[in-house]
Amino acid sequence: MDFTINQIALLMGGLVEGDGDTLVNTIGAIETANKGSITFYSNKKYESYLYTTKASGIIINKNLKLNKVVKSVLIRVDDPYLGFTTLLETYEKLLSFKKVGIETPTFIDKTAVYGNDLYLGAFAYLGENVKIGENVKIYPNVYIGDGSIVGDNCILHPGVKIYANTQIGNYCTLHAGCIIGSDGFGYALQEDGSYKKIPQLGKVILEDHVDIGANTVVDCATFDATIIRKGVKLDNMVQIGHNVEIGEHTVIAAQTGIAGSTKIGNNCIIGGQVGIAGHLHIGNKTQIQAQSGVSKNTEEGHIIYGTPAIDYRNYLRSYTIYRKLPEVMKQIEILEQKLLNL
Amino acid sequence: MDFTINQIALLMGGLVEGDGDTLVNTIGAIETANKGSITFYSNKKYESYLYTTKASGIIINKNLKLNKVVKSVLIRVDDPYLGFTTLLETYEKLLSFKKVGIETPTFIDKTAVYGNDLYLGAFAYLGENVKIGENVKIYPNVYIGDGSIVGDNCILHPGVKIYANTQIGNYCTLHAGCIIGSDGFGYALQEDGSYKKIPQLGKVILEDHVDIGANTVVDCATFDATIIRKGVKLDNMVQIGHNVEIGEHTVIAAQTGIAGSTKIGNNCIIGGQVGIAGHLHIGNKTQIQAQSGVSKNTEEGHIIYGTPAIDYRNYLRSYTIYRKLPEVMKQIEILEQKLLNL
Amino acid sequence: MDFTINQIALLMGGLVEGDGDTLVNTIGAIETANKGSITFYSNKKYESYLYTTKASGIIINKNLKLNKVVKSVLIRVDDPYLGFTTLLETYEKLLSFKKVGIETPTFIDKTAVYGNDLYLGAFAYLGENVKIGENVKIYPNVYIGDGSIVGDNCILHPGVKIYANTQIGNYCTLHAGCIIGSDGFGYALQEDGSYKKIPQLGKVILEDHVDIGANTVVDCATFDATIIRKGVKLDNMVQIGHNVEIGEHTVIAAQTGIAGSTKIGNNCIIGGQVGIAGHLHIGNKTQIQAQSGVSKNTEEGHIIYGTPAIDYRNYLRSYTIYRKLPEVMKQIEILEQKLLNL
């Protein structure tokens, strides 16, 4: 598909500098884009590429002053990154062939119901009393257990597994291989050293606009519910223990694990490979640096780091000295020697 | 389903205080339970809820002295938590519709055999010479490779993948998406910098009463077997390398990884996100704190922490000072200054 | 299958000491092997087993001097480990029944094409315009999305999920449950605190001889491609973010995560549970110790450790002192006291 720079500028209300009839047919990064690409510039780090890129078009800030000649056609907008995102969204809509219909074979229990515009891929499974909303796309090899509910406009990518009695809201996207509703890790130690399983009878609730990454696991509650609130985004291979609750618009990067019964606040930003112990309260707007190990409650808005996690800046201050510990030891030895020599 | 408090007390041999005919129909946590719920109290942290909970019934210790009036009906037992677990188990049995039968379509090789009371979900696969015991529940999209054996009373949740020649004992539960028998990560470095695969010809043995978490991976041995002994419980997304052996009744929390050929003792407790290097011996009853990195053998009963992991209390003592390192540096500077001024 | 020691010696050009007609029928480790096994000896740590092993045959170095009588028949070669690997490979070829043919049911879109000697397991899915090369083995429950290409001689184990438009080279092995092409974790923060998804329109390219571990996830690029170069080996549950590039013959151990847009050089060795931040350049031949957290670019050939990762030896030097921090504090207090007493 070819577009003119003028067409693209129109899309984002931008002003064209250069030949607006120039054709582009793909999207690229400013440092690697070739002729026929449209790109954007918003980060000073990439400034030199402005003057060397082979991209046919660049989306830039309306007020940006140029120091040299730029060969590409420019589209000037208020926010180049936002403009570029708008372009990506439009491109996605043009590209995406909206799948509709039921492939063969599938397994649909006679008590399962579903709305209009369903796509149900081959080898997908809808158990007893499953309810699927409008315009839901269920890819091949997805399993939805008895009594589970999926809201409107959801996408379940290939191989998603939903245990029985799960509740999924509207506009949720679940990536391939994620597991919703597996048993919590609850065992009671017996006198002979063996462990007896504590039945896990609760469920999982995903509210609206929740995204779940590939191969992520959300355990069901022991009783009651594990709850992922509105707008939460989980990256790949995240582990959510039983009875956890994650507040609205919190984002969690890949490979992080949250132990049972911990409550995470709203609008938190949690890095990758973080571990959070069980039964904690993490305040709203907490930021947790990657690989931290959190063992205590946190107050609203704190930024923490380390294992066990402490204030972010304090951790780095201590680490700066940690790196110099051999020199510090020498300082102490010199002091000792000087004292001896007195 | 409605039950009277008297019926529930009977179940756990408890003594009722209050109106035993009070009806309950669900199970709750003491801090959030509503009318119609039964809950329990065993942790002092939740004492205040004893007097404020809306639960219709509370299971408490037979000797507990109350300081205020409790509005709920009480069931007094020796061990409230054990009593509550008994209740959960009974509730689970009442709720669970025992699936039996073979759905359509499935793939069953003509040489595969299975016992009575099998449930085989749609899109499940039994390869050549597969042997399945009595009363096994195999959910949709499960794959069992050629020559594998599954004992009696096992549950394989949706999407479990068992490679060829795996041996699974009795009373094992495998959660959705777990992989048993994938190749160990064994490569030989070649002179040109490339890697040549070392064939992984061994198998995996799971003994009786082993539970495997969702999306956990257990690699097969290079030759011989990777062995998970009786009563071991693995949480979600745990990684078990080739030729590893895990002793009886050891429990391992989510996202922990154990590298090749390491032998873990019996009755160990291993936290989440722990890494254990290859070719180590971890003694019986070792406890490893979450996120630790273990690079040395451990003696029986030790508790360790940190990366590289050292004695738990020593790690925390050092960390207490780590947090104050900037102040320690100031102390040293003051000392230097004082010496200079002498 | 029984073989004589003479037959095995022939395979690896070795010289037999003892009765070359001795029969063996399995492969074992020197410390646990029984009668009828062939094993090897190359690591001094296992020297005592040379004289006590029950193995019928041992592959050893041609120049090794023995201090005691060895009861097993010996095969003397240049490199015992290499000889043993050759044996494993031959054994694998003899054991492996090469699967060919298409099981029932499968889903093959009418526009999908494939080469000779295909194995397509039951419940596998080939989408629109999928192209599969020669001699490819696709196990049950594998999903290959629209427009994806798989080269010659690849093995896709059960439950692999390939998103649309993925490109896979020749001689690649993908283990069970791995996900290729899921959306990158890209969201734009909105003024109301919610997040808006940035469309992920790029793809994933796996070059030749790439191995992907069980339940590993490789995200697609935002635009352009996430690239895994020739000969890269990824272990289980590794997370590769969007727009990452991994250089030739780099190996990455289990549970490591690499954030978006980072470029990893050639011939790197990356341990397990490592985290690498986004937008970094990791030089060729970098070695990263297990559980490290990398937040800065690295130069060619460096060995790093810790969170944040620093030079490996410096980290260990500092850690040695870290372990003694309580004693160091005492040293400082004694100094202070001595100064006071002056």
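Cut-offs and rules
Residues numbered from 1 in each chain as written. Chains lettered and ligands numbered in written order. Predicted model: local features only at pLDDT ≥ 70, side-chain atom pairs only at ≥ 80, totals over all residues. Heavy atoms only, no water. Pairing = 2+ DSSP bridges. Helix = DSSP H or I, 4+ residues; strand = E, 2+ residues; numbered from the N terminus. Polar contact = N/O pair within 3.5 Å; in protein donor to acceptor, adjacent residues only side chain to side chain. Contact = heavy atoms within 4.5 Å. Buried < 20%, exposed > 50% of the residue type's maximum accessible area, 1.4 Å probe, protein only. Arc of directions from axis to C-beta. Least-squares fit on C-alpha atoms with pLDDT ≥ 70 in both. Buried area = accessible area lost by both parts, 1.4 Å probe. Salt bridge = Lys/Arg side-chain N within 4 Å of Asp/Glu carboxyl O. Nonpolar A, V, L, I, M, F, W, Y, C, P; charged D, E, K, R; others polar. Phe/Tyr/Trp six-rings, centres within 6.5 Å; stacked < 30°, edge-to-face > 60°.

(A) Broad picture of the sheet that holds strand β10 (residues 113-114) of chain B. Residue and element names in this part refer to chain B. With parallel pairing, nine strands are arranged side by side in an open sheet as β10-β13-β16-β19-β24-β27-β30-β33-β36. In this open sheet, the two strands that pair with only one neighbour each are β10 and β36 (281-282). Bridge count for strand β19 (residues 167-168) against strand β24 (residues 203-206) is two bridges, and the pairing is parallel. Residue pairing for β24: Q167 is matched across the bridge by I205.

(B) Structural context of the side chain of S148 of chain A. All names here are of chain A. Mapped onto the elements of the fold, S148 is located in the loop between β15 (143-144) and β16 (149-150). Separated by 3.2 Å, the side chain of S148 and the backbone nitrogen of N165 make a polar contact. The contact partners of S148, leaving out residues within four places of it in the chain, are N129, V130, K131, I162, Y163, A164, N165 and T166.

(C) Spotlight on helix α3 (residues 312-322) of chain A. Burial in α3 of chain A covers these residues: Y315, S318, Y319, I321 and Y322 of chain A. Buried residues of α3 of chain A, viewed axially, fall in a sector of 160 degrees; they line one side.

(D) Just the relation of the copies chain A and chain B, in detail. After a rotation of 120 degrees and a shift along the axis of 0.0 Å, chain A superposes on chain B with an RMSD of 0.1 Å. In short, the pair behaves as if placed about a three-fold rotation axis.

(E) Broad picture of the sheet that holds strand β35 (residues 275-276) of chain B. Residues and elements named next belong to chain B. Here we have 10 strands laid out as an open sheet, ordered β9-β12-β15-β18-β21-β26-β29-β32-β35-β38, and parallel in their pairing. Two strands in the sheet have a free side with no partner beyond their single neighbour: β9 (107-108) and β38 (293-294). Bridge analysis of strand β18 (residues 161-162) against strand β21 (residues 179-182) gives two bridges, and the strand direction is parallel. Looking at β21, one finds that I162 is bridged to I180.

(F) Representation of the interface of chain A and chain C in the model. Counting residues at the interface gives 62 residues for chain A, matched by 65 residues for chain C. Ranking the residues of chain A by area buried against chain C places F123, Y322 and L339 of chain A at the top, with a combined share of 12%. The tally of links from chain A across to chain C stands at two salt bridges. Residue K196 of chain C pairs with E89 of chain A through a salt bridge whose shortest N-O separation is 3.5 Å. Connecting chain A to chain C are 28 residue pairs in polar contact (both at pLDDT 80 or more). Going through the elements one at a time, α2 (80-95), β28 (233-234), β31 (251-252), α3 and α4 (325-341) of chain A are the ones with two or more residues in the side of chain A that touches chain C. Looking at the side of chain A that touches chain C residue by residue, the classes come out as 35 nonpolar, 16 polar and 11 charged.

(G) Structural detail: the environment of T32 of chain C. Tracing the backbone shows T32 of chain C in the loop between β4 (26-27) and β5 (37-40). A C-alpha to C-alpha distance of 40 Å links T32 of chain C and G169 of chain C, two positions 137 residues apart in sequence.

(H) Focus on the packing of aromatic side chains. Residue and element names in this part refer to chain A. For the structure shown, the criterion picks out 47 aromatic pairs over all chains. Between Y305 and Y312 the ring centres are 5.9 Å apart and the planes differ by 55 degrees, which places this aromatic pair in the tilted class. For Y312, a relative accessible area of 27% gives the class partly exposed.

(I) Spatial organisation of the interface of chain A and chain B. Facing 65 residues of chain A, the contacting portion of chain B comprises 62 residues. Together chain A and chain B conceal approximately 5,000 Å² of surface at their shared face, both sides included; 65% is due to carbon and sulfur atoms. Counting every contact that joins chain A to chain B gives two salt bridges. Of the charged contacts, one joins K99 of chain B and D146 of chain A as a salt bridge, the two residues approaching to 3.0 Å between their closest N and O atoms. The interface formed by chain A and chain B contains 28 residue pairs in polar contact (both at pLDDT 80 or more). By residue number, the principal contributor to the side of chain A that touches chain B is α4 of chain A, which donates seven residues. Residues that form the side of chain A that touches chain B fall into these classes: 32 nonpolar, 23 polar and 10 charged.

These values are about where atoms sit, not about what they do.
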